[in-house]
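Chains, contacts and geometry: an overview
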Amino acid sequence: MLNTNMAFEPHTTTVSFTIATNATIVFTLNAQLFCEVQRSAPNVFINLVHDSDYDDDFLSSNDIDLYIGEMRDLNSDITIRTIHSAKCYFMCRCGHPILASDKSMDNLLKYHFVQTKEKYPTGTDEAAKYFWSARHVMGATPGYMATMNAITHSDTLAIVPDFVVTTMKKLNVAVEFFSADFDLGKRSIIQAWHSKHNHSPCHKWLRDLTKGMFIDSMK
């Protein structure tokens, strides 16, 4: 009841929020989020943390107010809304021989892959299972930025969602992205929070603000 009825005025209310997400989305939201908070909600404190530091029960505690990231298994007391459907692309170093070849599965499977542990498999991309077989994966990294770094000095490939492509292009990173001759599927980018915050005005403000910023970043 207190959570639902608490008045919230962004310009005057003092409150802190902890948002769990991955390093790439942190970069996507970072500057814009703090700039907007400084402008319109100067008494709000934002704490950004890496979601990989927590297990799937993290939203059931009082430590995390909002999760933004790829779909993952969450408890039944968690509310989920999808804010983006991310198309997947291949990522490779500049000058990679695959760029001048057909993007068929046979050609792609001639190379090894680096997998990103941030990726939460949900069974949505049927074709990708061939690339994640033990025969083709040479290693795994803890995040998309590390995956990017891993492929820049070899002929390994990686599969990444479109928000990673957008971030890398903004950073002018020397990697290439391309589509295949087949569908790699999509990954759902979600916001998730404990259901006790469903009707909280301040939490709704946070969810709507970060959702709008993420969607704008993909344009």
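So, here's what we can say about the structure. (Residues numbered from 1 in each chain as written. Predicted model: local features only at pLDDT ≥ 70, side-chain atom pairs only at ≥ 80, totals over all residues. Heavy atoms only, no water.)

A word on the nonpolar core
- With 37 residues, the main nonpolar core has F17, V44, I46, M91, F163, W205 and F214 as its most contacted residues.
- Per-element tally for this core: the top contributor is helix α6 (residues 201-217), with six residues.
- When near neighbours in sequence (up to four residues on either side) are disregarded, F214 contacts I25, L29, I83, H84, F163 and I189.
- Within the second largest apolar cluster, twelve residues are counted, among which are C88, F90, I98 and L108. (Core = buried A, V, L, I, M, F, W, Y, C linked by side-chain atoms within 4.5 Å. Buried < 20%, exposed > 50% of the residue type's maximum accessible area, 1.4 Å probe, protein only. Helix = DSSP H or I, 4+ residues; strand = E, 2+ residues; numbered from the N terminus. Contact = heavy atoms within 4.5 Å.)

Some thoughts on the packing of helix α4 (residues 144-151) against helix α5 (residues 162-170)
- The geometry of α4 relative to α5 is characterised by a closest axis approach of 11 Å and an angle of 65° between their N-to-C directions. Taken together, the axes of α4 and α5 lie roughly perpendicular to each other. Crossing hand, α4 versus α5: right-handed. Residues Y144, M145 and M148 of α4 touch α5, and the partners they reach there are F163, V164 and M168.
- When grouped by side-chain class, the residues that make up the contact of α4 with α5 number six nonpolar, no polar and no charged. (Axes fitted to C-alpha atoms, helices over the stretch in contact; angles between N-to-C directions. Parallel < 35°, antiparallel > 145°, perpendicular 65-115°, else oblique. Left-handed = near helix turned anticlockwise from the far one by under 90°. Nonpolar A, V, L, I, M, F, W, Y, C, P; charged D, E, K, R; others polar.)

What about the packing of aromatic side chains?
- Inspection of every chain in the model, using the stated rule, returns seven aromatic pairs.
- Pairing F58 with Y67 gives two aromatic rings, centres 5.6 Å apart and planes at 90°, and the pair type is edge-to-face. Y67 carries the same exposure label as F58, and that label is buried.
- Consider the rings of F90 and F178, whose centres lie 5.3 Å apart with planes at 15°: the pair is stacked. Of this pair, F90 sits in strand β4 (residues 78-93) while F178 is found in strand β8 (residues 175-178), placing the two residues 88 residues apart along the sequence. Like F90, the residue F178 is buried in the burial classification.
- In this structure, R72 packs its charged tip against the face of Y67, placed 5.5 Å from the ring centre.
- A cation over an aromatic ring shows up here: K103 above the ring of F178, its NZ or CZ 5.6 Å from the ring centre. (Phe/Tyr/Trp six-rings, centres within 6.5 Å; stacked < 30°, edge-to-face > 60°. Lys NZ or Arg CZ within 6 Å of the ring centre and 35° of its normal.)

Digging into unusual backbone geometry
- One non-glycine residue with positive phi stands out, namely N172, at about 55°.
- Considering the arrangement of structural elements, one finds N172 in the loop between α5 and β8.
- The exposure class assigned to N172 is exposed, which follows from its relative accessible area of 68%.

Looking at the pairing of β4
- Bridging between β4 and strand β9 (residues 186-194) involves nine bridges; their strand directions are antiparallel. Note that in β9 the partner of A86 across the bridge is R187.
- Note that β4 and strand β7 (residues 158-161) share four bridges and pair antiparallel. Bridge assignment links Y89 to a residue of β7, and that residue is V160.
- Note: β4 against β8, four bridges, orientation antiparallel. Within β8, the residue paired with R93 across the bridge is V175. (Pairing = 2+ DSSP bridges.)

Some details on the side chain of R187
- With respect to the element layout, R187 can be found in strand β9.
- A distance of 3.1 Å separates a polar atom in the side chain of R187 from a polar atom in the side chain of Y144. (Polar contact = N/O pair within 3.5 Å; in protein donor to acceptor, adjacent residues only side chain to side chain.)

What to know about the environment of L99
- Counting through the fold element by element, L99 comes out in the loop between β4 and α3 (105-108).
- Residues L99 and F178 lie 79 residues apart in sequence; the distance between their C-alpha atoms is 8.0 Å.

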